[in-house]
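Descriptive structure summary
So you can see what is in the structure, the chains are spelled out below.
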Amino acid sequence: MKIGHKIKELRILNGLTQSELADRSELTKGFISQVERDLTSPSIATLVDILQALGTTLGEFFQEENLEQIVFHKEDYFEKIDTEYNNKIEWIIPNAQKNIMEPVRLTLKAGGSTIPDNPHEGEEFGFVLSGSVTIHIGKQKFQAKRGESFYYIPDKTHFLSSKTGAVILWVSSPPSF
C-alpha cells in the first residue's frame, strides 16, 4: 500500500516541513522524504511515531475517508453563457441549486479562526474572496484559496482558520449565528 502521498498531505496541512516532522518523530529528513515519495515503507512502530507527530492514529489514518468533495476549484465550476442577455452564470458548487442557504460576509484576521461549531443539521458553503483558509471538519483539514469555494454538511465539529487572513462569502442553512 502506498501511503507517502497521504503522509505528505497531512504534514502540509499541519504546517510542518520535512525537517520538523523528522525532528518530532525522531527520524531523518531523508527518511521522511523517501516515505513521502513511496521509495521506502516505515515499520509499524515508525509509522505510529510519524502519525503521532501529525496528530493522528493508525486507525484514523487508514479509516476510509468520506470521498465527498469539500473544496471546489475553477475547473469544477459549471458556467452558462447567455448571449441573449449578455451575461454568464457560474455554478461554483455542483448541484447547488437544490440547496437553501443564507449568505453572510465573514472576515478572518491573520492568525484568527472562527469559533468551533458543534455538529448540526443543515449545510455550509463558502467562497474565498481573498486570502486563504483551512476548513477543519472533525480531524480532517482542507485548504481553499482565493477564487475557490467549499461546501459541506456540518455533521462534525467544524471551523475555519487562516494564517494570513481572508475574506469569505459565507452561507449557512439554517443560519447558525
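Refer to the structure above for everything that follows.
This section reports on the structure supplied with the text.

Scoring rules and cut-offs
Residues numbered from 1 in each chain as written. Predicted model: local features only at pLDDT ≥ 70, side-chain atom pairs only at ≥ 80, totals over all residues. Heavy atoms only, no water. Helix = DSSP H or I, 4+ residues; strand = E, 2+ residues; numbered from the N terminus. Buried < 20%, exposed > 50% of the residue type's maximum accessible area, 1.4 Å probe, protein only. Contact = heavy atoms within 4.5 Å. Core = buried A, V, L, I, M, F, W, Y, C linked by side-chain atoms within 4.5 Å.

1. Structural notes on the environment of L16
You can see L16 is positioned in the loop between helix 1 (4-13) and helix 2 (18-24). For L16, a relative accessible area of 8% gives the class buried. Separated by 37 residues in the primary sequence, L16 and A53 place their C-alpha atoms 9.9 Å from one another. Look past the residues within four positions of L16 in its chain and what remains in contact with it is R11, R24, A53 and L54.

2. Considerations on the environment of G131
With respect to the helices and strands, G131 occurs in strand 5 (residues 123-137). We classify G131 as partly exposed; its relative accessible area is 33%. If near-sequence neighbours (up to four positions away) are discounted, G131 is found in contact with K145, R146, G165 and A166.

3. Digging into the nonpolar core
Within the largest apolar cluster, 14 residues are counted, with the highest numbers of intra-cluster contacts made by I7, L21, I50, L54 and F61. For this core, the elements supplying multiple residues, two or more each, are helix 1, helix 2, helix 3 (29-36) and helix 4 (44-53). Ranked by the residues each element gives to this core, the list is headed by helix 4, at 4 residues. Ignoring anything within four residues of it in the chain, the contact list for I50 reads I7, L21, S25, L27 and I32. Counting residues in hydrophobic clusters, the runner-up holds 13 residues, among them V71, F150, Y152 and L160.

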